[in-house]
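# Structural overview for review
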Amino acid sequence: MTGLWIDGVSKPARSGKTFDVLDPASGRSIASVADGNLDDATEAVEAAARSFPGWSETAPRARSEVLQRAFQAMLDDREDLAALISNENGKSLADARSEVTYAAEFFRWYAEEAVRTDGDFGASPAGSTRTIVTHRPVGVATLVTPWNFPAAMATRKIGPALAAGCTVVLKPAGETPLTALAVASILTKAGAPAGVVNVVPSSSSAEVVEAMLSDPRVRKLSFTGSTRIGRMLLKQAAERVTNCSMELGGNAPFVVAPDADIDAAVAGAMMAKFRNGGQACTAANRFFIHSDVAEQFTEEFCRRVSTLRVGSAFENDSEIGPLINAKAVQDVATLVDGAVAAGARIAGRAPVPGTSGGFFYPPTVLADVRSDSAILNEEIFGPVAALATWRDDTELLELINGTAYGLAAYVYSRNLQWAVKLAEKMDAGMVGINRGLVSDPAAPFGGLKQSGIGREGAREGLREFQETQYFSVDWS
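On to the pattern of salt bridges, then. Applying the stated rule across the entire model yields 23 salt bridges. Here glutamate 99 makes a salt bridge to lysine 91, at a shortest N to O gap of 2.6 Å. Relative accessible area serves as the criterion here: at 2%, glutamate 99 is assigned to the buried category. With a shortest N-O distance of 2.9 Å, arginine 156 and glutamate 456 are connected by a salt bridge. Of this pair, arginine 156 sits in helix 5 (residues 152-164) while glutamate 456 sits in the loop between strand 21 (452-453) and helix 14 (458-463); the two residues are 300 residues apart in sequence, bridging distant segments of the chain. Residue class for arginine 156 comes out buried when judged on its relative accessible area of 2%.

Okay, the pairing of strand 6 (residues 129-137) next. Summarising the sheet, strand 5 (residues 120-123) and strand 6 pair through four bridges and their orientation is antiparallel. Across the sheet, residue glycine 122 finds its bridge partner in strand 6, namely threonine 131. The turn linking strand 5 back onto strand 6 is made up of five residues, and glycine 127 within it adopts a positive phi angle of 85°. Sheet topology places strand 6 next to strand 22 (residues 466-474); nine bridges connect them, and they run antiparallel. Within strand 22, the residue paired with threonine 129 across the bridge is aspartate 474.

On to the layout of surface pockets. Reported here for the second largest pocket is a volume of approximately 500 Å³. Lining the second largest pocket are 22 residues, and of these Asp95, Met270, Met271, Phe274 and Arg275 lie nearest its centre. Among the elements of the structure, helix 4 (93-114) and helix 9 (262-274) are those that each provide at least two residues to the lining of the second largest pocket. If you tally residues by element for the lining of the second largest pocket, the top one is helix 4, at five residues. Classifying every residue of the lining of the second largest pocket gives 10 nonpolar, five polar and seven charged.

What the seven strands build is an open sheet, ordered 14-15-16-13-12-18-19; its pairing is mixed. A strand with exactly one partner marks an edge of an open sheet, and here the two such strands are strand 14 (345-349) and strand 19 (430-433). In this sheet, neighbouring strand axes are inclined to one another by 20° on average, regardless of whether the strands run parallel or antiparallel. Here four bridges tie strand 18 (residues 408-412) to strand 19, and the two strands are oriented parallel to one another. Pairing of alanine 408 across the sheet is with methionine 430, part of strand 19. Each of strand 14, strand 15 (364-367) and strand 16 (384-390) touches helix 11 (residues 326-341); the most contacted strand, strand 15, lies at about 25° to it.

What counts and how
- Residues numbered from 1 in each chain as written.
- Predicted model: local features only at pLDDT ≥ 70, side-chain atom pairs only at ≥ 80, totals over all residues.
- Heavy atoms only, no water.
- Salt bridge = Lys/Arg side-chain N within 4 Å of Asp/Glu carboxyl O.
- Buried < 20%, exposed > 50% of the residue type's maximum accessible area, 1.4 Å probe, protein only.
- Helix = DSSP H or I, 4+ residues; strand = E, 2+ residues; numbered from the N terminus.
- Pairing = 2+ DSSP bridges.
- 1 Å grid on protein atoms, 1.4 Å probe; cavity = no way out; pocket = protein on both sides within 12 Å on 5 of 7 lines; lining within 4 Å.
- Points joined across faces, edges and corners; volume = space filled by probe spheres on them.
- Nonpolar A, V, L, I, M, F, W, Y, C, P; charged D, E, K, R; others polar.
- Axes fitted to C-alpha atoms, helices over the stretch in contact; angles between N-to-C directions.
- Contact = heavy atoms within 4.5 Å.

Okay, here's the thing in structure tokens:
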């Protein structure tokens, strides 16, 4: 499916224009997708607005059953969806399969949450009235998703929105629209009425999203992407005081204490750093290894990194795929070159395919990185681990919190009390303690400071698509 998905059908863009979707492993086009414009965005909002009254009044059980069927359909189609993700995103098939399973779980979780309606009832302090508190869907929601997890970022927003009774217009990343369109098709087959889920791929993302935010019928914006774009969207949303959720950039620290289980820490580091080739907002970005175990950790970590199989998802059982485009490769190379020029050394590296023509960068371990190096203060978004050492707890905390970001963090220590106390002082919305993965549909995902506003997942994720309302009832 390569057309716009509006009002339950696939259709060409009004302009007739299309744009190419590239395979990052080869740089070749794999599909031409309808290129939505402002008129298409308005049509999608109109469809969502028409369907909103009916969907919001649909019984929670009926909404739940749509999401439950979509969950099962995604699992049934896992291999095809994984191949689609790998084709347009470049990630390994193992990563893509994991993403499909994770993405589907949001539909199951919110199928269960949809029927857990809650509220409150009680007497006022004076006793003359009764207060009834309830929650209602916020309205038409614009969802903007990135390319790094094209299925999971879509379902993490669509699931709670539909469970709450909202209708949606999804603007997927231009690099990965095919997965979003496939998810919309699955939801329609699962019973979502026409207009409840709409998808507008576009090569003019800023203009299309701005058009939707300018429409008074849009009452919610849920955005995942860079902090820079998030700031711009918040300014636009302020014009109409639109309800906003933002999941923005990260700069996750990975701390190894002197008493850590080094084998476990290395295994966690491989997951936290190299899942999706490091192209994740939760990816470990800054490694702080205690000087007592730095040599041991670095040696074992480099050994593991050097054995990573890099290549196309469909060749040689690869573990690490390409970066998303040529600019991403150049950005990562610039950060590494700057760190080396400042005194860091390349301690370990995996080989990359030499003739593929794709956007590959070798998985790399940098040791002896200076604490003021740019690579420790910018989101790498690639398969590069920058290692620095620490000794003093106070200095460590200053290094960890000395950034504008506060999304995820990781701590490895056998002393659980020390690890939890450190986590409590970290400016991070999520902390993995002795594990290299923090994402879970049943847990609130989100960050502090300039890493975002609001939460996705758990009950908090449903609340993002609801408004609280109360009734004051005379009881005299």
